[in-house]
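What follows is the residue order along each chain.
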Amino acid sequence: MAQTAQRTQAQKYVGGGVLRKEDPELVTGQATYTDDITLPGMLWVMFVRSPFAHAKINSIDLAAAKRKPGVVAAFSGTELAADFGDGLPCAWPVTEDIKMPRHPPLATDVVRYAGEPVAVVIAESRGQAKDASEAVEVDYDALDAVVDLEQASADGATLVHDEFDSNNSYTWTLATGEVDKIFSEAPVIVKERYLQPRLIPNAIEPRGVVVQPVPAQDEYTMWSATQVPHVLKTMLALVLGFHESKLRVIAPEVGGGFGSKLQVYNEEVVVLALAKRTGRSLKWVEERSENYLATHHGRGQIQDIELAAEEDGKLLAVRAKITADMGAYMRLVTPGIPLLGGFLYSGVYDAKAYSFECTGVFTNLPPTDAYRGAGRPEATYAIERAMDALARRVNKDPAQVRRLNFIAPFDEPFESAAGLQIDSGNYSVSLDKALETIGYDKLRAEQEQRRQSTDRMQIGIGISTYIEMCGLAPSQVLASLRYAAGGWEAATIRCHPTGKVTVVTGTSPHGQGHETSWSQIVADELGVSFDDVEVLHGDTAVSPLGMDSYGSRSLSVGGVAVHYAAQKVLAKAKKITAHEFEASEEDIEFRDGKMQVKGAPDKAKSVPEIAFSAWTAHNLPEGMEPGLEENYVFDPPNFTFPSGAHVCAVEIDTESGQTYVREYVAVDDCGTVINPIIVEGQVHGGIAQGIAEAQYEEAVFDENGTLLTSNMGYYRIPSAAELPSFTTDRTTTPSTTNPLGVKGVGEAGTIAAPPAFINSVIDALAPFGVTHIDKPATPERIWTAINDAKGDE
Amino acid sequence: MIPSAFEYEVASSVGETIDMLGRYDDAKILAGGHSLLPLMKLRLAQPSALIDIGRISDLSYVRDAGEEVAIGAGTCHEDVHFDSLLTEHCPIVAHTAGEVGDPQVRHRGTIGGSLCHADPAADLPTVLRTLDAQLVIEGPDGQRMVAAADFFKSLFETDLGPHEVLTEIRVRKLKGAGWSYQKFHPRAQDWAVVGVAVVERDGGAAVGLTSMGETPLRATGVEEALASGEQPADAARRATEGTSPPSDPLGSGEYRKAMVVVFTQRALEEALSR
Amino acid sequence: MGAVRTILESHKRWVFRSLDERKERPLTRISMTVNGVEREAEVEPRQLLVYFLREQLGLTGTNVGCDTTSCGACTVHLDGKSVKSCTVLAVQADRGDVKTIESLQQDGEMHPLQKAFHEKHALQCGYCTPGMIMAALGLIESGAELSEGDIRLGLEGNLCRCTGYHNIVEAIKQAAGDMRQPAGA
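Throughout, a residue's number is its position along its own chain's written sequence, starting from 1. The naming scheme follows written order: chains are lettered A onward, ligands numbered 1 onward. For a predicted model such as this one, the threshold for reporting local features is a pLDDT of at least 70, and the threshold for listing and counting side-chain atom pairs is 80 or more; totals across whole chains, interfaces and linings nevertheless cover every residue.

Strands are runs of DSSP state E lasting at least two residues, helices are runs of H or I lasting at least four, and both sets are numbered from the N terminus onward. In terms of helices and strands, chain B carries twelve helices and 14 strands. Radius of gyration: C-alpha atoms only; globule rule: 2.2 Å multiplied by the number of residues to the exponent 0.38. Taken over the C-alpha trace, chain B has a radius of gyration of 18 Å; the compact-globule value for 274 residues is 19 Å, and the two agree within 12%. Dimensions along the principal axes, computed over C-alpha positions, put chain B at roughly 55 × 45 × 30 Å. With C-beta atoms placed from the backbone, a residue counts as buried when 20 or more other C-beta atoms lie within 10 Å of its own, as exposed when 12 or fewer do, and as partly exposed for counts between those limits. Expressed as a percentage of its 274 residues, the buried residues of chain B come to 60%. Any pair of residues counts as being in contact when their C-beta atoms, constructed from backbone geometry, are within 7 Å of one another. In chain B, the share of contacts with a sequence separation of at least 24, taken over all contacts with a separation of at least 6, comes to 60%.

Bringing the interface of chain A and chain C into the picture now. Listed per partner, the contact involves 52 residues of chain A and 55 residues of chain C. Looking at the side of chain A that touches chain C, the elements that each hand over two or more residues are helix H1 (23–27), helix H9 (288–294) and helix H19 (676–695) of chain A. Looking at which element gives the most residues to the side of chain A that touches chain C, the answer is H19 of chain A, with six residues. As a working rule, the residues Ala, Val, Leu, Ile, Met, Phe, Trp, Tyr, Cys and Pro are called nonpolar, Asp, Glu, Lys and Arg charged, and the rest polar, with Gly in that last group. Looking at the side of chain A that touches chain C residue by residue, the class counts come to 25 nonpolar, 19 polar and eight charged.

Our next topic: the environment of Arg591 of chain A. As for its position among the elements, Arg591 of chain A is in strand S22 (residues 588–591). Along the backbone, Arg591 of chain A and Pro601 of chain A are ten residues apart, and their C-alpha atoms lie at a distance of 9.2 Å.

Before going further, it helps to spend a moment on the interface of chain B and chain C. Opposite the 34 residues of chain B that make contact, chain C presents 39 residues. For the side of chain B that touches chain C, the elements supplying multiple residues, two or more each, are helix H2 (36–41) and helix H6 (103–108) of chain B. Counting residues per element, the side of chain B that touches chain C draws most heavily on H6 of chain B, at five residues.

Residue and element names in this part refer to chain B. In short, DSSP must find at least two bridges between two strands for them to pair. Strand order in the open sheet made by the three strands is S1-S3-S2, with parallel pairing throughout. Edge positions in the sheet fall to strand S1 (7–10) and strand S2 (28–30), since each of these pairs with one other strand and no more. Taken pair by pair, the neighbouring strands of this sheet meet at an average axis angle of 25 degrees, ignoring direction. Lines are fitted to the C-alpha atoms to define the axes, a helix being fitted only along its stretch in contact, and any angle between axes, read from their N-to-C directions, falls within 0 to 180 degrees.

Bringing the environment of Thr380 of chain A into the picture now. Residues and elements named next belong to chain A. Assignment of secondary structure puts Thr380 in helix H11 (residues 376–393). The exposure class of Thr380 is buried, given the 30 C-beta atoms found within 10 Å. For the pair Thr380 and Glu589, spaced 209 residues apart in the sequence, the C-alpha separation amounts to 47 Å. The contacts of Thr380, once residues within four sequence positions are left out, are Leu344, Gly347, Ser464, Tyr466, Ile751, Ala752 and Pro755.

A few words now on the sheet that holds strand S14 (residues 315–327) of chain A. Residues and elements named next belong to chain A. Within the open sheet, the five strands sit side by side as S7-S15-S14-S13-S8. Their pairing is mixed. Edge strands, defined here as strands with exactly one partner in the open sheet, are strand S7 (168–176) and strand S8 (188–199). Averaged over all neighbouring strand pairs, the angle between strand axes comes to 10 degrees, with direction disregarded. Relative to strand S13 (residues 298–309), S8 runs antiparallel, the two being bridged by eleven bridges. Each bridged residue has a counterpart across the sheet, and for Lys191 the counterpart in S13 is Glu306.

Residues and elements named next belong to chain A. Formed by 403 residues in total, the largest nonpolar core has its most connected members in Val121, Val522 and Val761. With eleven residues, helix H17 (residues 554–580) is the largest single contributor of residues to this core. If sequence neighbours within four positions are ignored, Val761 has contacts with Gly460, Val650, Ile652, Thr659, Ile773, Ala777 and Ile782. A set of buried residues drawn from Ala, Val, Leu, Ile, Met, Phe, Trp, Tyr and Cys, joined through C-beta atoms within 7 Å, is what defines a nonpolar core.

Bringing the packing of helix H3 (residues 112–119) of chain C against helix H4 (residues 129–141) of chain C into the picture now. Residue and element names in this part refer to chain C. Across the interface, H3 lies against H4 with an axial gap of 10 Å and an inter-helix angle of 125 degrees. In terms of orientation, H3 lies oblique with respect to H4. In this structure, the crossing between H3 and H4 has a hand that is right-handed. Across the interface between the two elements, Leu113, Gln114 and Phe117 of H3 pack against Thr129, Ile133, Ala136 and Leu137 of H4. Of the residues contributing to the contact of H3 with H4, the split by class is five nonpolar, two polar and no charged. What sets the label is the angle itself: under 35 degrees gives roughly parallel, over 145 gives roughly antiparallel, 65 to 115 gives roughly perpendicular, and the rest give oblique. Left-handed describes a crossing whose near helix is turned anticlockwise from the far helix by less than a right angle; the clockwise case is right-handed.

Looking at the element boundaries, Gln452 of chain A is found in helix H14 (residues 440–452). A sequence separation of 315 residues divides Gln452 of chain A from Pro767 of chain A, and the C-alpha atoms of the two residues are 9.7 Å apart.

What follows deals with the pairing of strand S11 (residues 179–184) of chain B. Residue and element names in this part refer to chain B. Counting buried residues in S11 gives six out of six residues, a clear majority hidden from the surface. By the alternation rule, side chains of S11 split into Trp179, Tyr181 and Lys183 and Ser180, Gln182 and Phe184, which are all buried. Bridge analysis of S11 against strand S12 (residues 194–201) gives six bridges, and the strand direction is antiparallel. Paired with Phe184 across the bridge in S12 is Val194.

On to the packing of H17 of chain A against helix H18 (residues 607–616) of chain A. Residue and element names in this part refer to chain A. Remark: H17 packs on H18, axes separated minimally by 10 Å, with the N-to-C direction vectors making an angle of 75 degrees. When the axes of H17 and H18 are compared, the pair comes out roughly perpendicular. For the pair H17 and H18, contact is made by Ala573, Ile576, Thr577 and Glu580 and by Val607, Ile610, Ser613 and Ala614, respectively. Residues that form the contact of H17 with H18 fall into these classes: five nonpolar, two polar and one charged.

Put into structure tokens, the structure is as follows:
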């Protein structure tokens, strides 16, 4: 398995900066997003949501709403409850004894977070639906809401679900080596507590759902702004009891996801159920302020991390204990998100022992789930900040402590402290490169000068070296983690008699450029033109088999499936060629884009020519099926392990706390690069999102569970004006997990950037004695940290 | 996202506006709409009628009025920002108009709209209060002048009667006096955590504060300290006197009180060095 | 909405009294030039310009990303200036001249900004792109200085979640160079 692809074919496209074929329709405004779809006779759906984080529903009066102009129907959650089977699905019961409440798409008797939908109206226009939704009268009895994570987890807390005796849903543990013994004997112990605030994903396209029914046939087509049309279709069929073949799910152009569209949402289930009830085409489009409550949040953890080390800073063991905020319900993969980081709290460092424990806790807040990086940014943040704390403790430069502890370069699988079989790695190379690029020594000198002159503007430098696990995921590993589905991906390659090639992929891009990258792979492997390859995706009628896009999996699983399908096409093409030239298969080689008889270049045929032969079927080997089309479903044998080093330099106005990112250097290793332009774009966006998380963003609730950062005005997403340009570079250590040598890059920036930024802030404030600051390091937090440190002196 | 329904009337003159306002209980004037429409889209404001004064071209001007510059209330921020008269005679107004919102907002939002909305986090009200601007108001009983100091009553409340229209803002020419507007906002698009306006005058400076209370404020303590000859760094310490800043996701009241001192000092230093 | 209302009340923002049952309102007739074509329509006064363009005229290139005038995805030009079409009523644009992303391509040839966004990989999901391009067009047409800092500040009203803005800034630099080159040069 672990072999690099045999390349008899010159690579024209792979590795080159091919411009994206997706772009023309996007830059001209011709692309079709969900909200661009209008159907004849279509009606508008609007949800009525609870203003309370926890309340008993006494009654819902729809009469006034039904009298509003244009209203066609209105339903309470109770009226529709029978349509929803077992409720919304959670596919990841991480332990045998996990507490897993029923999750109704519309609440019936109790609401458990502000924003939970309780009723729904259908009207002829967007505005009329909105008017009617405001006329629905709901009588609530407010209950105590449990908002604070530690309070929720404590004995005697108000229960989010009173059928359970505690808000603690599960505790999941992993331990290797003699952790307790090492900690009891180690000369240096670093003990830190970090907070991971909740984040609101904010894909710029809000969600939306359009459903077109054919009532007489009981058939439905759904367009949804989703990352996971395949998963969604299967789950909708399960929840509503539909025949899977009667349901077609289309993810049209999708305007970003970042994990937030990896979900089976209340609105998708309800709108589909309503289309069945009414027989009408229906549309729901999320308003942004609604999105802040209705779409799942990310992160939300308290992290207690301890390092055991020698006096010189040599790491011995890592112990991490996580309290993770589930929110009010378990969504599709809510419980498993923190576990995706559970293997990475020792980072790129060689430790002898490791333990990880995570407790998932219910609160009266919107459910959490995947957000760019999903578990891995949290882990990387904890270990990278703890390594800086260790450096301070042993009085060494943070770069030096990291070098001391890096896993030594390896190209045979290495078993990490947490038990991962890491494919390959060389971690000091990327750190050296990053430090050299940013001019580390010079920056340190300038920093010293500013400190000496007690300049108002102080400089800080922060380092983050990371490893992540991508390529979700080997199905058997998922089974051992109690995940309810597989981690494979499907591809079909269809060679048309006209010479054109169609690639059907089970991945579902929403900005990642799969059409371009998959075309590059196939064009090179089959020796056809890039422009002759068309990639189809995101429609369950076109690509019936798929596991969709998330977790930096698309290339390292879906792209590899495309590669294998191409290899199958070539194998068949070789048989046809051998037959036509009356040669043995062993005498045929694929060379310069053609199948040819070895040593007889005049006896050669291109794949398009062979495709034509396969279509006419006039002269095929005995028993061969006509046509040149192959499927492949790839189940990865292992994860892939991208890694890298990021260095951030900030300047801080120490009077106000205002912080400016002055320079940012990223050196990433995502294995073999198919398209460097796309890879760089992913890194840029990831870094920006990571800095945003570290500097600006936080979902803030009051003690009643009311979201204070309730719209885009208050939840602070940085614009171009707040960010610098980034310097990106790469090292290339091909993955041995797959024949393309690819690893994945979609989340790297978001994983590496938060600790790089926070470490730089703490570094800048070192002269004041500051050793800790929480995310997001807002000007006020920085100002407070300086004042508190001054007060401690 | 969709506002509640409302009656809509287009006024062609100030007089007609006043008549139209008289016909409704809770009509609102629509100029650029960049304070009002965002609230209506969230249904936090549901006026029964909008009187659109955006087409009264007579309300959009900047003209020389002797010792003063007169600005039509319907002049958009962009035009105020780039106006040559203001740049010459009252640069703090031109400068601050360029600090409002973002380019798209400045193309639509108007100086009069910003004043009448009376958000204490807005920049122009503070600057105009600092300049002791005179506001020209027309109503059923004719025209009256109100000092900016008397115009802002409390949070989102002004001296404007229900049937009155703000038509003009008059600011005195600075004649080379030093000035500064320090807007402290972590993101360019953010409202001011605090803002400080300073305009040099005989024996000191006028100092105004943004986001430090229910209305734009004057830092009279600072002004007194300067008048009595204190240095900017010392005078700035009195910037918190009489303030009651809000606590919100942009910053706590305590933080705002600390920042207003920092930025008052910076504004004073900049103004007095200009 | 309850949450929004609570926070704003806690800040003592004013809330108008809610009105009773409303009857259907008469429509208002408007006309405007959109992408060089005269358009006439009847609209509800509360119809936002962006929905007029998208739903009544079928110009779905202009997108909606927020409800607070924050994200800029809906940026179009009204009478030669960039505006957020989610915060302009269609009736306010009556007799106006509107230009949307659909007007930039001429004779099948991409506009220099569209070309630059493609060549510099200044878009990923593409949702913010039409608004970003229209904001950038306004910036370039304003004739202002366009250093990197000027471009970044000039885009303060447009949010992108995919690109980190790095390549957007590069694209605008390139397009500004192309567009400002004297004719024939």
